[in-house]
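# Observations on the model geometry
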Amino acid sequence: MKKIFLLILCLSTMYPVVNAGRVVQSFNDGWYYAACDDNRLQEVQRHEEGWQQVHLPHTWNADAYSTRNCRRASSWYKKEFRTDAAQMRDKQLYLKFDGVNSLADVYLNGELLTTHKGGYSAFTVDITDKVRTDAPNLLMVHVNNQNDRIPPLSGDFTIFGGIYRNVWLISAAKQHISLTDYASTGIYVDLPSVSEDRAEISVRGTLVNRDVRRAVLKLDVEVLDTDGKTVAQSLRSVRIDADGAFAFEERLQLEKPQLWSPDSPYLYSVKVSLKDVRDKVLKDETRVPLGVRWFSVDAQEGFKLNGEPLKLMGACRHQDQMPMGIALSDEMHRRDMQLLKDMGVNFVRLAHYPQDDAVLRACDELGMLVWEEIPIVDLIALGDEFRANATSALREMIRQHYNHPSVIMWGYMNEAVIQLQYRVKKQRLNGFYENTLALARHLEETLKREDPYRLSTMAYHGNQIYNKIGLSNITDISGWNLYQGWYENDFKSFDRFVDEEHRKYPHRPLIISEFGAGSDPRLQSLEPQIFDFSMQWQQLYLEYYLPAIMKRPFIVGATEWNFIDFSSANRQEATPHINNKGLMYNNRRPKDVFYYFQAFLRKDIPVLHIAVDDWKHRTVVSDGEAVEHPVKVYSNLDKVELSVNGKKLSVQGIENCHAGWWVPLVVGRNTLVASGIYQGKKVEQVSDIFVKMQPRHIAAAGSGQLELAVNVGSNCFFTDDKSDLCWLPDQAYTPGSWGYIGGEIFRRSPGRIGTTAEVKDTRNVPLLQTKRKGIKAYRFDLPDGDYEVELLFADLNARSERVTYDLGAAATLDNADFRGSVFNVSVNGRPWLSHFSPAIEVGGNRCISKKLRIAVTGGNLTVDFEAVKGMTFLNGIKIFRIH
Ligand code: GCB
């Protein structure tokens, strides 16, 4: 034993394994950031002040979650670093930026080395000839997230600025695999012919020699299996001239390959290494993943992977997380893909831009098929510059993610003409359509030239314009973003739309690239309505869509919008700055409906979920009698039994992955147990809900504690998530109880309650977004005593700015433009607010609360409203018993 060890030691000193190959180091530490909107390097260099030390990844827009005015401007990053002469000997040095949003000028020691346009792909800079070895180097990066020539020009997501992905320092030997080919790996693996029996593998790439001498190298291309065993290999010598490049293509074969699929994501790797022929020194080596699979798409039969039909079912994914915006770590990206996989999807649309390589790598490993796209969203700019930037974004995406077997389709436009109707005069529309078409044709051509093996796609909004102008004729697959039953119409219009589309264009493969509905856990409803943001409407919507998609074989696949609640600084609605169509909250806590997807998509595990996580704390209205509340279970079992507080309710068959029970509830904790059988074994889930009782007939309820709040003009319970106070859905007054008298529900547009406009000065935005207009009175029949009554108002009609700058109520009232309301309010016949105008007092779309303490003697508390100008209205009312 000892002898063998000695021998190995001797051999290894005689023939040392020399590795002069590349070293890739993170370059994320020791940066400084300044929010300085000045693009002149010298000026900025002079500033000593205002620099803040940061660690990458970094964004300066973490405030996008709380304001629509987040910073779209320039900022600077700087970092000092040292290199010594020995380190640099025979080396090339590169910086690789994985993502800088949106424009980056990179300066080293005062010299501009490169400008990169586009915020969602990587770029590399060769700094070899510019680094100093005798003094510290100063790297400065000017970043701008506002540019009208770089896609996206528009879009429902925040354009977070910053160096928000990793930066790497790469040191390579003079002879190496190209690192500057659009920041790709420099290697492209194709499968020109592939079957279960044999895979023909082509490995292309470019080798560079940055030396002053000609190089003679051994190029070794190997295919390794998961155990690291070489299963195919090609070896050859190459000569590269001084300061030259060499393009190679090697062909290898694999017999009886293990195929890659969502169920069995077997990954080979392709290892490419370069050695000096004479001294055997390893000059460079890199590995890229290889998944052996083939796929096709057909308008009638849908998608096939490895010859087998596979319905593509998944979700779209934006990349932000509160509070770090889009500056996510690799672990967070991977976690998201794992969550998607856990939910059971086989397909993800990376919308609306190329995402971190960690995402793609995770998809390869987990077996998730990918649609990736560049960010041409809603609008395109005329002119060559936009076209050039879009083209390079496409080329970068394709080259950088070429070797990920998970990717099956590249996209390049989302709802490309949706903004034109608002922004462009009718007579100029055709010109814009022509321009969009020309760009699409150019990008399609570029895409196919770059990658003849993948499918092309784009997403349209549910409008015939794409068919009319011919945009839907260009790609291999048509993507439709369809929101029937959310933004418009009803669920059934979805069926009509897709059936009609398929009838008219039977040869076009069709994907539902988006479908979704918003939800806010503070809003719950026993009578959910379209666009009310209640959790229940989102559930109904998705419970309709999944089977409708599944039962149509011509629908190739579908991606729900969106996997997470995501940041969209300009969005208003119930949760301003957040698009809340997620199946998960932004912190990645699943909404109940996540489990509907899981039950629908997974058959390999039992799914049994009592859908009460989003509504754990309930307030029910009762005069002491037993109250039954709806409880739903999401499951993939055949039948499920539910019990509450130890009492069995019933066994119900599961249809469309859910069943519902009316559950008798008691005040306080209620323990629910769901159980069923999966593959002969019992499965069970336990959940609690907590109940508070609110009397219907307050007068008869005696003189106990009383706090009753009403979400006036709404069908929803609204729970203030900071105080847990529940504002009950509105109701008409009936004697002995409480409710409104007169008026009607306010609708900003027909069919939808309330408004989507943001209401300021409140955390409880949706409570203020609904109201009752033309209201005559609000009445509570209650025991005598001392009460506090609170009224909530927000004038949702007034033009806020003009009103706030008016100098006096009288002036405003006379102003013809003033659309706000003015009214008188009295309580139990006593005048309270005279000529009251919420808009004059605080401005339109702002919350104003009025409280009054009053002794009630006649058995009721009645608030009367009388219009002076415009209409009376009320958004919320609360009474609280003091004594
Ligand atoms: C769409 C867009 C997407 C939006 C989504 C929505 O059609 O493609 O970017 O976020 O609708 O939620 O309205």
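None of the values given here were measured: they were computed from a predicted structure.

### Describing the overall build of the protein
- Helix and strand counts for the protein stand at 16 helices and 56 strands.
- Over its C-alpha trace the protein gives a radius of gyration of 32 Å, about what one expects of a compact globule, namely 29 Å for 883 residues.
- Seen along its three principal axes, the alpha-carbon backbone of the protein occupies a region of about 105 × 70 × 65 Å.
- A buried classification covers 59% of the 883 residues belonging to the protein.
- A sequence separation of at least 24 residues applies to 71% of the contacts in the protein between residues at least 6 apart.
- A distance of 1 Å separates the average location of the 106 positive side-chain charges in the protein from that of its 110 negative side-chain charges.

### So, the site of the ligand
- Taken together, 13 residues lie around the ligand, and Asp156, Glu415, Tyr487, Glu514 and Lys581 are the ones closest in.
- At 3.5 Å from an oxygen atom of the ligand is found a side-chain nitrogen or oxygen belonging to Asn481.
- One nitrogen or oxygen atom from the side chain of Lys581 is found 2.5 Å from an oxygen atom belonging to the ligand.
- In isolation the ligand offers 320 Å² of accessible surface; the protein chains occlude 92% of this area.
- Broken down by class, the residue content of the shell around the ligand amounts to 4 nonpolar, 4 polar and 5 charged.

### Focus: the pairing of strand S36 (residues 617–621)
- Counted residue by residue, S36 has 4 buried out of 5 residues, so it is predominantly covered.
- Across 5 bridges, the pairing between S36 and strand S42 (residues 681–694) is parallel. Each residue of the ladder has a partner; that of Val621, found in S42, is Gln694.

### Thoughts on the packing of aromatic side chains
- In total, this model carries 43 aromatic pairs according to the counting rule given.
- Considering the side-chain rings of Tyr466 and Trp480, the 6.2 Å spacing of their centres and the 90° angle between planes classify their relative orientation as edge-to-face. Here Tyr466, found in helix H9 (residues 465–469), pairs with Trp480, found in strand S29 (residues 477–481); they are 14 residues apart in sequence, far enough to count as distant. In terms of burial, Tyr466 and Trp480 fall into one category: buried.
- For the pair Trp486 and Phe533, a centre-to-centre distance of 5.0 Å together with 85° between the ring planes defines the contact as edge-to-face. Linking Trp486 in the loop between S29 and helix H10 (491–504) with Phe533 in the loop between strand S31 (523–524) and helix H11 (535–550), this pair joins segments that are 47 residues apart in sequence. Residue Trp486 shares its accessibility class with Phe533, and that shared class is buried.
- Three or more aromatic residues joined by ring pairs make a cluster, and in this case those are Phe491, Phe494, Phe515, Trp537, Tyr541, Tyr544 and Tyr545.

### Quick word on the pairing of strand S20 (residues 282–290)
- For S20, the buried fraction is high: 7 of the 9 residues fall into the buried class.
- Examined bridge by bridge, strand S19 (residues 268–276) and S20 share 8 bridges and lie antiparallel to one another. Residue pairing across strands places Lys271 opposite Arg287, the latter belonging to S20.
- Between S19 and S20, which pair antiparallel in sequence order, lie 5 residues; one of them, Lys280, sits at a positive phi of approximately 65°.

### Observations concerning the sheet that holds strand S16 (residues 215–224)
- On the basis of which strands lie adjacent, the open sheet formed by 4 strands has the order S17-S16-S19-S20 and antiparallel pairing. A strand with exactly one partner marks an edge of an open sheet, and here the two such strands are strand S17 (230–240) and S20. Taken over all neighbouring pairs, the strand axes of this sheet differ in orientation by 15° on average, direction set aside.

### What about the sheet that holds strand S49 (residues 777–781)?
- Spatial strand order, S46-S49-S54-S51-S52: 5 strands in an open sheet with antiparallel pairing. Taken across any chain shown, the strands that pair with only one partner, and hence form the sheet edges, are strand S46 (738–741) and strand S52 (830–836). Across the sheet, the mean angle separating the axes of adjacent strands is 15° when strand polarity is ignored.

### A look at the environment of Val863
- Assignment of secondary structure puts Val863 in strand S54 (residues 860–869).
- Sequence-wise, Val863 and Asn828 are 35 residues apart; in three dimensions their C-alpha atoms are separated by 6.4 Å.
- If we skip the residues at most four places from it in the chain, Val863 touches Lys776, Ala777, Tyr778, Val789, Leu791, Val825, Ser826, Val827 and Ile877.

### Observations concerning the side chain of His333
- By the element assignment, His333 lies in helix H4 (residues 330–343).
- A polar contact of 3.1 Å, which involves the side chain of His333, links it to the side chain of Arg317.
- Not counting residues within four places of it along the chain, the set of residues in contact with His333 comprises Arg317, Gln319, Leu328, Asp356, Ala358 and Val359.

### Concerning the nonpolar core
- Tyr412, Ile512 and Phe515 are the most contacted members of the largest nonpolar core, which totals 126 residues.
- Sequence-distant contacts of Tyr412, that is, excluding residues within four places in its chain, are made with Glu373, Ile374, Ile376, Leu394, Ala440, Leu443, Glu444, Leu447, Thr457, Met458, Ile474 and Thr475.
- By size, the runner-up hydrophobic cluster in this structure holds 36 residues, among which are Phe780, Phe793, Trp832 and Phe873.

### Considering the confidence of the model for the protein
- Across the protein, pLDDT averages 94, with 95% of residues at or above 70.
- A low-confidence stretch, residues 1–18 stays under pLDDT 50, and its non-local contacts, those more than four residues away or across chains, total 2 contacts.

### Observations regarding the packing of H4 against helix H5 (residues 357–366)
- It is the contact of H4 with H5, at a shortest axis distance of 9 Å, that shows an interaxial angle of 35°. The handedness of the crossing between H4 and H5 is right-handed. Residue-level inspection shows Asp330, His333, Arg334, Met337, Gln338 and Lys341 of H4 in contact with H5, the latter providing Ala358, Val359, Ala362, Cys363 and Leu366.
- Class assignment of the residues belonging to the contact of H4 with H5 gives a composition of 6 nonpolar, 2 polar and 3 charged.

### What about the pattern of salt bridges?
- Under the counting rule described, the total for this entry stands at 55 salt bridges.
- When the shortest N-O distance is used, the salt bridge between Arg349 and Glu373 registers 3.0 Å. Of this pair, Arg349 sits in strand S25 (residues 347–350) while Glu373 sits in strand S26 (residues 369–373); the two residues are 24 residues apart in sequence, bridging distant segments of the chain. For the pair Arg349 and Glu373, a shared accessibility class is recorded, and that class is buried.
- When salt bridges that share partners are traced, they join Lys117, Asp148, Arg149 and Glu385 into one network.

Cut-off values and rules
- Residues numbered from 1 in each chain as written.
- Predicted model: local features only at pLDDT ≥ 70, side-chain atom pairs only at ≥ 80, totals over all residues.
- Heavy atoms only, no water.
- Helix = DSSP H or I, 4+ residues; strand = E, 2+ residues; numbered from the N terminus.
- Rg over C-alpha atoms; globule rule 2.2 N^0.38 Å.
- Buried < 20%, exposed > 50% of the residue type's maximum accessible area, 1.4 Å probe, protein only.
- Contact = heavy atoms within 4.5 Å.
- Lys, Arg positive; Asp, Glu negative; His and termini not counted.
- Charge placed at Lys NZ, Arg CZ, Asp CG, Glu CD.
- Near = heavy atom within 4 Å.
- Polar contact = N/O pair within 3.5 Å; in protein donor to acceptor, adjacent residues only side chain to side chain.
- Areas by Shrake-Rupley, 256 points an atom, 1.4 Å probe, with all protein chains shown as cover.
- Nonpolar A, V, L, I, M, F, W, Y, C, P; charged D, E, K, R; others polar.
- Pairing = 2+ DSSP bridges.
- Phe/Tyr/Trp six-rings, centres within 6.5 Å; stacked < 30°, edge-to-face > 60°.
- Axes fitted to C-alpha atoms, helices over the stretch in contact; angles between N-to-C directions.
- Core = buried A, V, L, I, M, F, W, Y, C linked by side-chain atoms within 4.5 Å.
- pLDDT = per-residue confidence, 0-100.
- Left-handed = near helix turned anticlockwise from the far one by under 90°.
- Salt bridge = Lys/Arg side-chain N within 4 Å of Asp/Glu carboxyl O.

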